[in-house]
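Spelled out from the first residue to the last, the chains are:
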There are 4 protein chains.
Amino acid sequence: MSDQKIKVVVVGASGYTGQELLRLLIMHPLVDLVAVTSRTEKDRLLTDVFPRFAGAPSVKDLRFSDPDVDALAATGAEFAFLALPHGVASEFAVPLLEKGFRIVDLSADFRLNCPDIYEEFYGSPHPAPDLLKDAVYGLVETYREEVAGAKLVASPGCYPTSILTPLIPLVKNGFIKPESINVASLSGTSGAGKKAAVPFLFVEVNESLRAYGAPKHRHLSEIEQELSIAAGSEVKISFVPHLMPVNAGIATTIFAELTGVPATIQSCLEAAYADCPFVRILGEGTFADTKNVVRTNFVDIGWVIDERTNRLIISSAEDNLGKGAGSQAIQCFNVMHQFPETTGLLNF
Amino acid sequence: MSDQKIKVVVVGASGYTGQELLRLLIMHPLVDLVAVTSRTEKDRLLTDVFPRFAGAPSVKDLRFSDPDVDALAATGAEFAFLALPHGVASEFAVPLLEKGFRIVDLSADFRLNCPDIYEEFYGSPHPAPDLLKDAVYGLVETYREEVAGAKLVASPGCYPTSILTPLIPLVKNGFIKPESINVASLSGTSGAGKKAAVPFLFVEVNESLRAYGAPKHRHLSEIEQELSIAAGSEVKISFVPHLMPVNAGIATTIFAELTGVPATIQSCLEAAYADCPFVRILGEGTFADTKNVVRTNFVDIGWVIDERTNRLIISSAEDNLGKGAGSQAIQCFNVMHQFPETTGLLNF
Amino acid sequence: MSDQKIKVVVVGASGYTGQELLRLLIMHPLVDLVAVTSRTEKDRLLTDVFPRFAGAPSVKDLRFSDPDVDALAATGAEFAFLALPHGVASEFAVPLLEKGFRIVDLSADFRLNCPDIYEEFYGSPHPAPDLLKDAVYGLVETYREEVAGAKLVASPGCYPTSILTPLIPLVKNGFIKPESINVASLSGTSGAGKKAAVPFLFVEVNESLRAYGAPKHRHLSEIEQELSIAAGSEVKISFVPHLMPVNAGIATTIFAELTGVPATIQSCLEAAYADCPFVRILGEGTFADTKNVVRTNFVDIGWVIDERTNRLIISSAEDNLGKGAGSQAIQCFNVMHQFPETTGLLNF
Amino acid sequence: MSDQKIKVVVVGASGYTGQELLRLLIMHPLVDLVAVTSRTEKDRLLTDVFPRFAGAPSVKDLRFSDPDVDALAATGAEFAFLALPHGVASEFAVPLLEKGFRIVDLSADFRLNCPDIYEEFYGSPHPAPDLLKDAVYGLVETYREEVAGAKLVASPGCYPTSILTPLIPLVKNGFIKPESINVASLSGTSGAGKKAAVPFLFVEVNESLRAYGAPKHRHLSEIEQELSIAAGSEVKISFVPHLMPVNAGIATTIFAELTGVPATIQSCLEAAYADCPFVRILGEGTFADTKNVVRTNFVDIGWVIDERTNRLIISSAEDNLGKGAGSQAIQCFNVMHQFPETTGLLNF
């Protein structure tokens with residue numbers, strides 16, 4: 001089995017997303033982690049930066065290095081995860097692809113099909129627009145075949161994954177009115193990243209709950225892109241993210257009007273996700289709880305019908321660092337290598 | 001000033017709402033707390049049940065007593081706060097009113113005008129339907145005069161206060177379409193009460209976020225009643241409560257379509273609450289944070305306009321035990337006695 | 001490899017310790033989990049009681065059963081984990097041993113060598129004193145060989161593991177005065193179990209820190225037993241447990257006078273744990289942090305020398321449900337089967 | 001009563017200590033807050049920096065100003081609270097005293113009698129050694145008369161208050177052996193201040209418990225100074241602070257050998273604190289809980305006797321921002337003005 005192992009590098013691995021990605025790669029039976037880069041942590045042992053990983057034999061002597069493309073290529077690696085800020089990821093994706101790497105990028109750089117939308121939501125011109133047509137949006141449940149054959153996969157954003165997973169089949173099948181969708185999502189504080197800033201100090205977040213970022217959070221761009229594809233026409237929704245005092249997890253509540261098409265939500269979702277091991281349909285009358293999904297790659301989906309207002313109310317939960325980032329990236333990696341999709345990801 | 005003091009009893013004071021109410025009454029300069037009742041804590045010192053209050057001279061020797069109406073009347077008290085479960089409050093309200101007490105009831109028993117709605121939402125016939133016509137809904141900002149003259153005030157529910165305060169003026173003035181309203185609210189865990197139950201153990205709530213109670217939470221009944229009065233026609237909305245891992249606080253996010261009436265939200269809210277010291281209009285582009293309102297009687301209101309979808313997104317915050325329960329009850333008490341509305345409530 | 005798998009049952013699996021044990025057994029490559037018992041959850045699907053485990057193929061159809069010894073034997077299983085309250089565990093250990101099971105018991109029933117000490121600390125006569133001489137105290141780092149050959153292993157208590165691991169080598173080598181030892185330990189709230197009780201409600205534990213159980217917490221009995229063995233003479237210490245507002249983790253701080261024997265703490269600990277993959281010696285000048293060990297089987301140990309008072313101050317951390325319970329039990333299981341000690345336990 | 005009001009300025013008011021101090025000053029009936037300074041928040045409204053205080057009529061228009069001594073004197077104020085870092089406080093204390101201000105300094109600058117000890121623990125020469133002889137250590141319970149007459153009071157540190165309050169009477173009366181004292185203290189994260197730093201991000205502190213700062217935390221210097229005074233001879237102790245995931249509160253556990261002097265701890269503590277409204281003696285067999293003291297000026301003290309080891313184990317709790325900083329400073333202020341000691345401080 002060890003000659004099957006894929007040599008992997010992680011570029012930009014010192015944040016919370018990087019940490020979760022590394023945690024899973026260390027445990028992945030078909031991964032050989034050969035390099036991790038970080039400008040800020042350069043030359044430090046991985047286990048000094050992340051003491052949790054001390055005791056993992058495979059990374060005992062691994063040190064953070066500068067993100068140098070030639071050096072990464074010289075390791076013999078053929079696969080790269082990019083856990084970099086948007087804008088920066090492109091700088092590495094272009095030369096790494098040229099060196100023959102296949103890539104899963106966890107930033108927003110390759111999620112949008114249209115560079116203008118990127119500029120509208122991210123505030124600067126897209127850094128590598130030519131690559132957009134080749135990049136695949138890494139929602140495996142929707143794009144499994146495209147992901148399998150891709151050289152460059154854009155791992156979806158954390159909020160979008162929790163919103164798109166329940167909505168895509170329902171919109172595609174015409175069970176809800178796309179223009180009626182309102183979404184309130186709550187994210188654990190790791191979603192804000194590992195940067196020193198007063199608003200994310202313990203005392204500021206603990207015993208606090210606050211909305212932010214509405215009405216035009218960056219993730220709205222990819223949510224609307226994918227809903228529009230599912231609907232076959234342009235969709236605009238309202239989306240309000242909130243910061244909640246937990247380390248990890250996203251809870252999403254969606255309001256949408258039913259179209260009246262006689263159908264059960266249950267059968268629609270079950271049909272869509274019959275072969276998807278990471279989507280757990282909890283069923284009608286249930287609500288998803290973040291504590292059941294943190295540190296996993298699962299998305300849980302529950303819902304109720306509000307007959308009084310003719311609305312469907314959906315509740316979904318995932319880990320913002322897991323299915324919303326690190327483990328979803330590895331799910332893409334597995335599919336890109338025809339490994340069983342759950343390889344290294346059935347950690348409870 | 002001490003001959004002005006009102007002799008007060010609190011019936012059912014051993015839960016979290018009772019504790020917050022007592023905390024404020026102990027500090028209230030015009031209150032003489034003469035009796036507190038609790039069946040479960042009978043005969044125990046108040047300061048043994050609530051060690052925080054040890055050191056408050058005025059309650060040094062106060063013990064919980066059985067809730068006996070004659071005994072309460074014999075104290076010479078003239079005012080009662082009822083912090084009892086719904087259904088039970090009525091049992092005490094009726095004889096206490098007969099004894100001449102004025103009452104603020106913190107339960108749901110007298111919030112609804114229509115006993116049928118009570119039965120629909122609470123699952124049993126209303127225990128004292130004759131009293132409903134005399135009871136005043138204790139949202140002082142809306143019913144100040146009625147509260148001032150009332151003998152029986154029903155202190156509003158925690159979720160409703162956070163939802164109605166921003167919505168009533170906007171609905172009344174026709175700025176939003178009532179049928180388009182969707183509400184996601186999050187409550188601190190004290191909202192679940194002080195009862196021993198596994199789902200509210202620390203381990204179950206900490207690092208967890210979950211919706212519950214939709215689509216027909218009990219509080220929906222009073223929310224729709226008051227919105228319908230404001231709109232002048234029947235209003236139905238969708239409402240999803242959530243449990244969040246903080247001790248206290250409610251954060252509410254409201255989605256509603258704008259009608260297109262050319263008006264500013266700011267001026268509408270400012271006009272409505274010009275003389276209301278406990279409503280803080282944060283302004284457009286802001287989001288309310290529960291940490292700024294816990295342990296106070298304030299409701300904070302922020303909002304944004306989502307031009308892309310023509311929706312108004314409102315964010316409000318209050319303390320579920322404060323403006324949502326205990327301090328709002330005292331606000332009513334102040335108004336009922338023509339005391340300055342903020343007496344004993346400007347505690348930050 | 002699958003014909004190597006050991007058929008395993010878990011008796012009493014519905015609490016927090018049971019949940020963590022099951023989590024690890026589900027991921028263990030050499031375990032075939034054939035039965036889980038719980039009186040309170042009888043007949044329910046494992047995945048309904050613990051929704052986190054939904055999606056684990058191996059337990060898809062597993063239901064809780066009544067704890068019936070004959071039925072457990074009929075499964076063909078040969079190994080049992082007992083995650084029962086003290087006193088109750090013995091009732092099952094005796095007949096299961098007779099049926100030929102090997103056992104790791106996570107209760108306190110078989111940790112003490114002397115039934116009188118059991119009675120002194122646990123308040124009732126020992127239920128199966130004849131078994132005590134055969135039971136092995138499952139601190140693998142100290143009793144590896146005895147554990148390997150045992151039929152009945154008593155998995156150590158959570159606090160004791162965090163205290164004994166750093167202290168045993170230091171006491172054995174005479175570097176500290178045993179009678180000078182003072183210990184303050186803090187436990188996550190899962191240590192209090194999954195029972196409905198007001199003191200462990202979220203609101204009571206959150207934003208709270210309190211000592212309890214001193215001066216004679218039950219775990220003191222096994223701590224002193226093992227320290228006395230290490231010292232070669234009777235040792236008595238002071239021990240104060242505290243409840244802290246986190247789900248899992250134990251942080252222990254130990255004060256002890258140095259004897260003046262010229263030696264380095266570092267070399268003593270390193271020598272003692274050279275072949276122990278789960279003991280991480282952080283080194284002098286460091287402090288262990290619970291967040292680095294939760295959900296693992298590691299114990300982290302740091303320390304400083306207080307030259308002003310001639311004391312050694314040790315800081316250790318572990319997961320009360322992990323190295324303090326579930327994963328330590330599996331470590332024993334691995335050793336009992338000559339599996340690599342880390343099998344199924346290198347989950348970060 | 002308003003002509004009794006004291007005009008007060010707060011220098012350095014933008015941190016967590018400053019916020020708690022301001023909260024209490026706003027509610028204090030005999031304080032007229034005329035200026036607040038902060039270099040970083042200069043010109044901003046107090047209520048913009050601290051939105052909780054919006055709605056307090058008395059500070060409606062108050063803005064942060066630069067800390068200019070002449071400008072502060074020009075306000076007509078006669079009293080200054082200094083909530084500045086150590087070293088910086090002296091720079092303002094000297095000229096403010098010259099202008100006739102009386103001062104409570106919340107920094108460490110004037111807590112030590114000996115400049116050499118200051119230099120040993122704080123790492124730089126004392127900035128104003130001549131003032132040390134005039135400064136009074138503001139532990140009102142021990143130095144009430146000296147505080148009453150002082151021009152410059154050094155408000156004690158947070159950890160020291162929780163340690164000295166129970167220990168001083170016991171050491172003074174010879175009931176415990178001073179050289180046997182070991183102390184483990186835990187502080188809420190506000191104790192780390194409001195500075196942007198990764199180790200104090202929510203994700204780093206939540207679900208974490210860690211010791212730090214031993215063996216020579218700065219507060220040890222004032223603890224040992226005051227214990228030595230109480231003992232009448234030099235005392236050295238071991239002290240280990242810990243960071244805990246709560247916003248506020250200090251829990252302290254003290255181990256000390258009994259001398260065998262026949263006496264009850266209870267009567268010793270009760271006698272010492274008979275006239276001290278803020279010291280609550282919980283009694284033998286009890287443990288103090290931080291949740292009962294946060295946002296108050298109380299110190300709670302419980303203890304047990306460990307007969308097996310002849311040790312006394314004390315448990316104390318206070319609010320690190322309250323009795324450990326802001327409210328203790330106001331207690332000093334009250335005593336300095338012959339106001340009732342509890343004025344403005346009986347907030348539960």
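Numbers given for residues are sequential positions, taken from 1 along each chain in its written order. Chains carry letters and ligands carry numbers; both start at the beginning, A for chains and 1 for ligands, and go up in the order they are written. Only residues with pLDDT of at least 70 get local features here, since the model is predicted, and only at 80 or more are side-chain atom pairs given and counted; chain-wide, interface and lining totals rely on the full set of residues. Remark: hydrogens and water are excluded; side-chain values derive from all non-hydrogen atoms of the structure.

Details of the side chain of Asn206 of chain D
Then comes step 1: Summarising the element assignment, Asn206 of chain D is placed in the loop between α8 (202-205) and β9 (210-211).
Then comes step 2: Here's how the labels work: a residue is buried when its accessible area is under 20% of the maximum for its type, exposed when over 50%, partly exposed in between, all with a 1.4 Å probe on protein chains only. For Asn206 of chain D, a relative accessible area of 6% gives the class buried.
Then comes step 3: Here a polar contact is taken to be a pair of N or O atoms separated by no more than 3.5 Å, where protein atoms must pair a possible hydrogen donor with a possible acceptor and residues adjacent in sequence count only if both atoms sit in side chains. Within the structure, Asn206 of chain D has its side chain in polar contact with the side chain of Asn247 of chain A (distance 2.8 Å).
Then comes step 4: Two residues qualify as a contact provided that any one of their heavy atoms is within 4.5 Å of a heavy atom in the partner residue. Setting aside anything within four residues of it in sequence, one finds Asn206 of chain D in contact with Phe202, Val246 and Asn247 of chain A, Glu207 of chain B together with Pro245 of chain D. A run of DSSP states H or I qualifies as a helix once it reaches four residues; a run of E qualifies as a strand once it reaches two. Both are numbered from the N-terminal end.

A word on the packing of helix α5 (residues 115-122) of chain B against helix α9 (residues 219-231) of chain B
Then comes step 1: Lines fitted to the C-alpha atoms define the axes, with helices restricted to the stretch that makes contact. Angles between their N-to-C directions range from 0 to 180 degrees. At a closest axis distance of 9 Å, the pairing of α5 of chain B and α9 of chain B adopts a crossing angle of 145 degrees. Between α5 of chain B and α9 of chain B, the contacting residues are Ile117, Phe121 and Tyr122 of chain B on the first element and His219, Leu220 and Ser221 of chain B on the second.

Thoughts on the domain arrangement of chain A
Accessible area lost on assembly of the parts is the figure often given for the size of an interface.
All names here are of chain A.
Then comes step 1: What fixes the domain bounds is an automatic or database domain assignment. In terms of domains, chain A is made up of domain 1 (6-155 + 325-336) and domain 2 (159-318).
Then comes step 2: One C-alpha centre belongs to domain 1, the other to domain 2; they are set 25 Å apart.
Then comes step 3: Taken together, the contacts link 24 residues of domain 1 with 26 residues of domain 2.
Then comes step 4: Any carboxyl oxygen of Asp or Glu within 4 Å of a side-chain nitrogen of Lys or Arg constitutes a salt bridge here. Across the contact surface, domain 1 and domain 2 share two salt bridges.
Then comes step 5: Between Lys216 and Glu120 there is a salt bridge, with the nearest N and O atoms lying 2.7 Å from each other.
Then comes step 6: Counting the contacts that link domain 1 with domain 2 gives eleven residue pairs in polar contact (both at pLDDT 80 or more).

Section: the pattern of salt bridges
Note that side chains of opposite charge can pair when their charged atoms are close.
Then comes step 1: Within the structure shown, the criterion is met by 71 salt bridges over all chains.
Then comes step 2: A salt bridge links Asp289 of chain A to Arg210 of chain B, with the shortest nitrogen-to-oxygen separation between them at 3.6 Å. Of this pair, Asp289 of chain A sits in the loop between β12 (279-284) and β13 (299-306) while Arg210 of chain B sits in strand β9 (residues 210-211), placing the two residues on different chains.
Then comes step 3: Classification of Asp289 of chain A by relative accessible area gives buried; the value is 7%.
Then comes step 4: Assessed through its relative accessible area of 15%, Arg210 of chain B is described here as buried.
Then comes step 5: For Lys236 of chain D, the salt bridge goes to Glu234 of chain D, with nearest N and O atoms at 3.4 Å.
Then comes step 6: When its relative accessible area of 65% is taken as the criterion, Glu234 of chain D is described as exposed.
Then comes step 7: Members of the salt-bridge network, linked through shared partners, are Glu224, Glu234 and Lys236 of chain A together with Asp306 and Arg308 of chain B.

Structural notes on the nonpolar core
Then comes step 1: Within the largest apolar cluster, 177 residues are counted, with the highest numbers of intra-cluster contacts made by Phe81 and Ile181 of chain A together with Phe81 and Ile181 of chain C.
Then comes step 2: Other than its neighbours up to four places away in sequence, Ile181 of chain A contacts Leu167, Val171, Ile176, Leu227, Ile237, Ser238, Ile254, Phe255 and Ala256 of chain A together with Arg311 of chain B.
Then comes step 3: Ala150, Phe175 and Leu220 of chain B together with Leu21 of chain D belong to the second largest nonpolar core, which has 176 residues in total. What makes a nonpolar core is a set of buried Ala, Val, Leu, Ile, Met, Phe, Trp, Tyr and Cys residues whose side-chain atoms join them at distances within 4.5 Å.

Brief notes about the sheet that holds strand β3 (residues 64-65) of chain B
All names here are of chain B.
Then comes step 1: Two strands pair under a simple rule: DSSP has to find at least two bridges between them. On the basis of which strands lie adjacent, the open sheet formed by seven strands has the order β3-β2-β1-β4-β5-β7-β6 and parallel pairing. For this open sheet the edge positions go to β3 and β6 (136-137), each flanked by a neighbour on one side alone.
Then comes step 2: Relative to strand β4 (residues 79-82), strand β1 (residues 6-11) is paired through four bridges, and the arrangement is parallel. The residue of β4 that forms the bridge with Val10 is Phe81.
Then comes step 3: Each of β1, β4, β5 (102-105) and β7 (152-154) is contacted by helix α4 (residues 88-98), which is oriented at about 175 degrees to β4, the strand it contacts most.

Some points on the interface of chain D and chain A
Then comes step 1: Counting from both sides, the interface comprises 20 residues of chain D and, opposite them, 20 residues of chain A.
Then comes step 2: Applying the counting criterion to the chain D and chain A interface returns zero salt bridges.
Then comes step 3: At the boundary of chain D and chain A, one finds six residue pairs in polar contact (both at pLDDT 80 or more).
Then comes step 4: Looking at the side of chain D that touches chain A, the element that brings in the most residues is α8 of chain D, giving four residues.

Some points on the sheet that holds strand β1 (residues 6-11) of chain A
All names here are of chain A.
Then comes step 1: Strand order in this open sheet of seven strands is β3-β2-β1-β4-β5-β7-β6, and the pairing throughout is parallel. If you trace the sheet from one side to the other, it starts and ends with β3 (64-65) and β6 (136-137), each paired once.
Then comes step 2: Relative to strand β2 (residues 31-37), β1 runs parallel, the two sharing six bridges. Within the sheet, the bridge partner assigned to Val9 lies in β2 and is Ala35.
Then comes step 3: Running at roughly 155 degrees to strand β5 (residues 102-105), helix α11 (residues 326-336) makes contact with β1, β2, β4 (79-82), β5 and β7 (152-154) of the sheet.

A short note on the interface of chain B and chain A
Then comes step 1: Residue-level contacts link 46 residues of chain B with 46 residues of chain A.
Then comes step 2: Using a 1.4 Å probe, buried area is obtained as the accessible area two parts lose upon being combined, added over both of them. For the pair chain B and chain A, the summed buried area comes to about 3700 Å², and 56% of that belongs to carbon and sulfur atoms.
Then comes step 3: Scanning the region where chain B abuts chain A turns up six salt bridges.
Then comes step 4: The interface formed by chain B and chain A contains 24 residue pairs in polar contact (both at pLDDT 80 or more).
Then comes step 5: Those elements that place two or more of their residues in the side of chain B that touches chain A are β8 (182-187), β9, α9, β10 (238-243), β11 (250-257), β13 (299-306) and β14 (311-318) of chain B.
Then comes step 6: At four residues, β8 of chain B tops the list of elements feeding residues into the side of chain B that touches chain A.
Then comes step 7: Grouping the amino acids of the side of chain B that touches chain A by side-chain chemistry returns 24 nonpolar, ten polar and twelve charged. Residues are grouped as follows: Ala, Val, Leu, Ile, Met, Phe, Trp, Tyr, Cys and Pro are nonpolar; Asp, Glu, Lys and Arg are charged; all remaining types, including Gly, are polar.

Digging into the relation of the copies chain B and chain A
Then comes step 1: The least-squares superposition of copies is restricted to C-alpha atoms, and to residues with a pLDDT of at least 70 in both copies. Superposition of chain B onto chain A requires a rotation of 180 degrees combined with a translation of 0.0 Å along the rotation axis, giving an RMSD of 0.0 Å. Such a combination of rotation and displacement between the chain copies is what one expects of a two-fold axis.
Then comes step 2: Comparing interface residues between copies, 100% of those in chain B also lie at the interface in chain A; the contact surface is shared.

Remarks on the packing of aromatic side chains
Then comes step 1: Centre distance within 6.5 Å is the pairing criterion for rings of Phe, Tyr and Trp, where only the six-membered ring of Trp is used; planes under 30 degrees apart are then read as stacked, over 60 as edge-to-face, and the remainder as tilted. For the coordinates displayed, the defined rule picks out 48 aromatic pairs over all chains.
Then comes step 2: Both rings, one in Phe348 of chain A and one in Phe53 of chain C, keep their centres 6.3 Å apart while their planes meet at 90 degrees; by these two values the pair is edge-to-face. With Phe348 of chain A in the segment after α11 and Phe53 of chain C in the loop between α2 (46-49) and β3 (64-65), this residue pair bridges two chains.
Then comes step 3: For Phe348 of chain A, a relative accessible area of 4% puts it in the buried group.
Then comes step 4: Judged by relative accessible area, which is 0%, Phe53 of chain C ranks as buried.
Then comes step 5: By way of ring pairs, the aromatic residues Phe50, Phe53 and Phe64 of chain A together with Phe278, Phe298 and Phe348 of chain C are connected into one cluster.
Then comes step 6: We call a charge positioned above a ring when the Lys NZ or Arg CZ atom is no farther than 6 Å from the ring centre and deviates by at most 35 degrees from the ring normal. The ring centre of Phe298 of chain B lies 4.0 Å from the NZ or CZ of Arg280 of chain B, which sits over that ring.

Description of the relation of the copies chain D and chain A
Then comes step 1: Relative to chain A, chain D is turned by 180 degrees and slid 0.0 Å along the rotation axis, the superposed coordinates differing by an RMSD of 0.0 Å.
Then comes step 2: Of all interface residues in chain D, 100% are interface residues in chain A too; the two copies therefore contact each other through one and the same surface.

Some remarks on the state of the cysteines
All names here are of chain D.
Then comes step 1: When two cysteine sulfur atoms lie within 2.5 Å, the pair is treated as a disulfide. Taken as a whole, this structure holds zero disulfides over all chains when the rule is applied.
Then comes step 2: Distance from the sulfur of Cys276, which forms no disulfide, to the nearest cysteine sulfur (Cys332) is 12 Å.
Then comes step 3: The exposure class assigned to Cys276 is buried, which follows from its relative accessible area of 7%.

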